[in-house]
Amino acid sequence: MGDAPDIVEELRKQERLGNFNSRSQSTGQDTYGSEKILNDNAYKTTLYNSENFKNSEGNESYDIGGLTNAIENSIMLFEISPETIMVIDDKGSVLDVNARIYDWLGYKRGEIIGKSLFGLPFFTDKYKNNVFDFSMDVIFSEKTLPYELDFTTKSGEKRTGSMHAVPIKNSKNKISGGLIMISDVTESKTAREEISKLSQFQDSVIDNANVWLSAMNLIGSIVIWNKAAETITGYLREEVLGRDSIWDWLSPDEAQYKGNITTRGVTHIEGEVSSQNFKTLIKRKDGNIRTVSWNSRNILDNTKNPIGSVTLGLDITDQERSGEEIKRQNAELKRLNRIKSDFLNVTSHELRTPMVAIKGYAQLLSDLSLGKVTDKQKKALDVVLRNITRLNKLVQDILDVSRLESGTMKFLPEDADIGKMIKETAETMQSSANEKQIKINTILEDSLPSLVIDSERIKQVIVNLVNNAIKFSPCESDINMQIKKEGEYILFEIQDFGRGIPKNKIEKIFDTFYQVDSAKDRKLMGGAGLGLAISRGIVVAHGGNIYVESRVNKGSTFRFTLPLKPVEDIEDRFKKLNIFSP
């Protein structure tokens, strides 16, 4: 039969010739730049480890047909492998390399075969010694550990490969070389780096969040515990990760709180998708009690089944204490406000009683009912009557404001004829307007419907608006009162041509005690700046709205609306309104 090496060499020559002839016919050139060379020992390894070449007693038996088939299969696998494969001898010199080297790194076989691992151009200086040491160590120790390193292609591009090495043995089971297999892992390395960066970013976000962020699995063990959780609870990450008793540690000792957090967490994972803004007390590691507001959401797998829960916790202890203090202060303010309102009510009533008597006697004296008075005395009585009227109006306004603030103002709604009410009010106010020779004009739309309102209170609004118009209008000017239906409301307009209101003061005009020019107005015009505030309260209580348009030195137009549909239970609605809110 001849020696096995001679047969192998002959078959290799035949295969090599056929392989290169077919390649040359298809491409017109030798793509790899040299013939393929395989070490005898490499082939011997294949031969002696193949059942084709051993008989039942384990002795060598050369079957040329089986040998040819085995070699062809080995060479085919060698050529089509997606990995770069190099065959080296026991000194680290390259005996052969497959086609993948050109596809991946751009080097032809002739540039690689025959060179030592030290001299391969695609290994950077940083890795040359490491590659040789690794390869020799793996081959002679028969390890199969991978080794990842950087490569440089012939065009200068940087790539990353994962290298494995396995020994090749001869017929005597002695190591005569090795196979080095290199996989291109550039993309996977880039992906790993991106994933690592993303993971680091996520970890940074979680760790630097200013709220307690933790996650637990189905059995309640902690898997995430950020810095805010450490700060709030006093427990470090290493103390709680993997532990399922942390929630018991955090439950206050009081019986009503014990287990509250754990029970809530388990219930949440088993049944709820999310839970928002529920509060619990927790006990810190140092024993202090804190209040935490929780928001949590289940973590679901691809089949929508819960696999855990992520929880956000916000320490609201200080806010809770501030809230309690604010509640206490509000309660105190309400108490003081009630005292103030009661005081104003009582004081107003007590002031009105003597004023009625003073005004009555002053009127009798002025009418000469109690005897004759001199002209000088008559003028003095007129001053007294005028100031008593002014004082009475001020007391009445203070009383009305107090009733508006406390919600105790009384309303007597009734069916009112709007046209008649306006005419009567205009006639009443005309006497005051005559002192400045001002004419009050009324413009009423035909067929105005009646309204269910407290007509006396609405008259009070109109009187306040017309009285202001008279005060701030020049002599011998006009004041126009126009009333018309507009949608579901009746619109009331009182227009004057006086000094107007600056734009920056219009928003405050309905505030209590506010006057555009307080010192000047109080000195020349009187009043305490309560009329418009009272008017606003009465209109809003009736379900309407009041506003003003004005231009300096051109005049002002005050408008208010009242709904056609009456407000049900006006006093009860009025009590619920905050008349003096912004």
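Calculation notes
- Residues numbered from 1 in each chain as written.
- Predicted model: local features only at pLDDT ≥ 70, side-chain atom pairs only at ≥ 80, totals over all residues.
- Heavy atoms only, no water.
- Buried < 20%, exposed > 50% of the residue type's maximum accessible area, 1.4 Å probe, protein only.
- Helix = DSSP H or I, 4+ residues; strand = E, 2+ residues; numbered from the N terminus.
- Core = buried A, V, L, I, M, F, W, Y, C linked by side-chain atoms within 4.5 Å.
- Contact = heavy atoms within 4.5 Å.
- 1 Å grid on protein atoms, 1.4 Å probe; cavity = no way out; pocket = protein on both sides within 12 Å on 5 of 7 lines; lining within 4 Å.
- Points joined across faces, edges and corners; volume = space filled by probe spheres on them.
- Nonpolar A, V, L, I, M, F, W, Y, C, P; charged D, E, K, R; others polar.
- Patch = residues over 30% accessible without salt bridge, like charges linked within 9 Å, V, L, I, M, F, W, Y side chains within 5 Å.
- Areas by Shrake-Rupley, 256 points an atom, 1.4 Å probe, with all protein chains shown as cover.
- Salt bridge = Lys/Arg side-chain N within 4 Å of Asp/Glu carboxyl O.
- Pairing = 2+ DSSP bridges.
- Axes fitted to C-alpha atoms, helices over the stretch in contact; angles between N-to-C directions.
- Expected span 1.5 Å × (residues − 1).
- Left-handed = near helix turned anticlockwise from the far one by under 90°.
- pLDDT = per-residue confidence, 0-100.
- Phe/Tyr/Trp six-rings, centres within 6.5 Å; stacked < 30°, edge-to-face > 60°.

K.L.:
Residues and numbers for unusual backbone geometry, please.
P.N.:
We note that Leu368 has phi near 65°; this positive angle belongs to a residue other than glycine. Classification of Leu368 as partly exposed rests on a relative accessible area of 47%. The backbone of Ser447 shows a phi angle near 55°, a positive value even though the residue is not glycine. Looking at the element boundaries, Ser447 is found in the loop between strand 12 (439-444) and strand 13 (451-453). Given a relative accessible area of 72%, Ser447 falls into the exposed group.

K.L.:
Lay out the nonpolar core in plain terms, naming residues and giving numbers.
P.N.:
One finds Ile418, Ile462, Phe492 and Phe560 to be the most contacted residues of the largest nonpolar core, which totals 45 residues. In terms of residue count, helix 14 (residues 455-471) provides more of this core than any other element does, 7 residues in total. Each residue touching Ile462, except ones within four places of it in the same chain, is listed here: Met421, Ile422, Thr425, Met481, Phe492 and Phe560. Formed by 27 residues, the second largest nonpolar core is a distinct cluster that contains Val94, Phe134, Met136 and Ile180.

K.L.:
Go over empty space enclosed by the protein with me, naming the residues and quoting the values.
P.N.:
Under the criterion given, the structure shown has 3 cavities of 30 Å³ or more. Elements with a contribution of two residues or more to the lining of the largest cavity: strand 13 and strand 17 (555-563). Among the residues making up the lining of the largest cavity, the classes are represented as 8 nonpolar, 1 polar and 1 charged.

K.L.:
Any chance you could break down a nonpolar patch on the surface for me, citing the residues and the numbers?
P.N.:
Judged by side-chain polarity, Tyr361, Leu364, Leu365 and Leu370 come together as a nonpolar surface patch covering roughly 380 Å² of accessible area. Here Tyr361 is to be found in helix 11 (residues 317-366). Overall, Tyr361 belongs to the exposed group, its relative accessible area being 54%.

K.L.:
Tell me what's going on with the sheet that holds strand 16 (residues 546-551), and back it up with residues and numbers.
P.N.:
As summarised here, the arrangement of the 5 strands in space is 12-14-15-17-16, forming an open sheet in which the pairing is mixed. Only two strands of the sheet have a single partner each, and these edge strands are strand 12 and strand 16. Along the sheet, successive strands turn relative to each other by an average axial angle of 15°, direction set aside. Relative to strand 15 (residues 489-495), strand 14 (residues 478-486) is paired through 7 bridges, and the arrangement is antiparallel.

K.L.:
Would you mind going over the pairing of strand 16 in detail, with residue names and values included?
P.N.:
On strand 16, burial follows the alternation: Ile546, Val548 and Ser550 on one face are buried, whereas Tyr547, Glu549 and Arg551 on the facing-out side are not. With 6 bridges joining them, strand 16 and strand 17 adopt antiparallel strand pairing. Residue Val548 lies in a different strand from strand 17, and its bridge partner there is Phe558. Two successive antiparallel strands, strand 16 and strand 17, enclose a turn made up of 3 residues, where Asn553 displays a positive phi of approximately 65°.

K.L.:
An account of helix 5 (residues 125-141) is requested, with residue identities and associated values reported.
P.N.:
Between its first and last C-alpha, helix 5 extends 25 Å over 17 residues, near the 24 Å set by a 1.5 Å rise per residue. Turning to helix 5, its buried residues number three or more, namely Tyr127, Val131, Phe132, Phe134, Ser135, Met136, Val138 and Ile139.

K.L.:
Lay out the pattern of salt bridges with the relevant residues and their values.
P.N.:
Under the criterion given, the structure shown has 17 salt bridges. One salt bridge connects Lys91 with Asp90, and the closest N-O pair in it is separated by 3.5 Å. When salt bridges with common partners are traced through the structure, they connect Glu157, Arg159, Asp184 and Glu187 into a single cluster.

K.L.:
Can you break down the packing of helix 14 against helix 16 (residues 531-541) residue by residue, with the values?
P.N.:
Running from amino to carboxyl end, helix 14 crosses helix 16 at an angle of 145°, the nearest separation of the two axes being 9 Å. Taken as a pair, helix 14 and helix 16 cross one another with a handedness that is left-handed. On helix 16, the residues touching Arg457, Ile458, Gln460, Val461, Asn464, Leu465 and Asn468 of helix 14 are Gly531, Leu532, Ile534, Ser535, Ile538 and Val539. Within the contact of helix 14 with helix 16, the residues separate by chemical class into 7 nonpolar, 5 polar and 1 charged.

K.L.:
Please provide a residue-by-residue account of the confidence of the model for the chain, values included.
P.N.:
Low pLDDT marks regions whose predicted coordinates should not be analysed in detail. Within the chain, residue pLDDT values average 76, and 77% of them lie at 70 or more. A low-confidence stretch, residues 1-56 (pLDDT under 50), is modelled with 94 contacts involving residues beyond four sequence positions or located in other chains. Residue range residues 60-64 is modelled with pLDDT below 50. Its contacts to residues more than four positions away, or to other chains, number 14 contacts.

K.L.:
Outline the packing of aromatic side chains, supporting the account with residue identities and numerical values.
P.N.:
In this structure the tally under the stated criterion is 9 aromatic pairs. Considering the side-chain rings of Phe510 and Phe558, the 6.3 Å spacing of their centres and the 85° angle between planes classify their relative orientation as edge-to-face. On the criterion of sequence distance, the pair formed by Phe510 in the loop between strand 15 and helix 15 (518-524) and Phe558 in strand 17 is long-range, its members being 48 residues apart. Note on Phe510: relative accessible area 12%, which makes it buried. Aromatic ring contacts, followed pair by pair, group Trp104, Tyr107, Phe122, Phe123 and Phe151 into a single cluster.

K.L.:
Hey, could you go over the sheet that holds strand 4 (residues 158-169) for me, with residue numbers and the actual values?
P.N.:
Here 5 strands make up an open sheet; going across it, the order is 2-1-5-4-3 and the pairing antiparallel. Each end of this open sheet is capped by a strand with a single partner; those strands are strand 2 (94-97) and strand 3 (147-152). On average, each strand axis in the sheet is tilted by 30° relative to the strand beside it, whichever way the strands run. With 6 bridges joining them, strand 1 (residues 84-89) and strand 5 (residues 175-184) adopt antiparallel strand pairing. Paired with Ile85 across the bridge in strand 5 is Met181. Sheet strands in contact with helix 5 are strand 1, strand 3, strand 4 and strand 5, and its direction is about 30° off that of strand 4. Its contacts with the sheet place helix 6 (residues 186-208) against strand 3, strand 4 and strand 5, and it is angled at close to 125° to strand 4.

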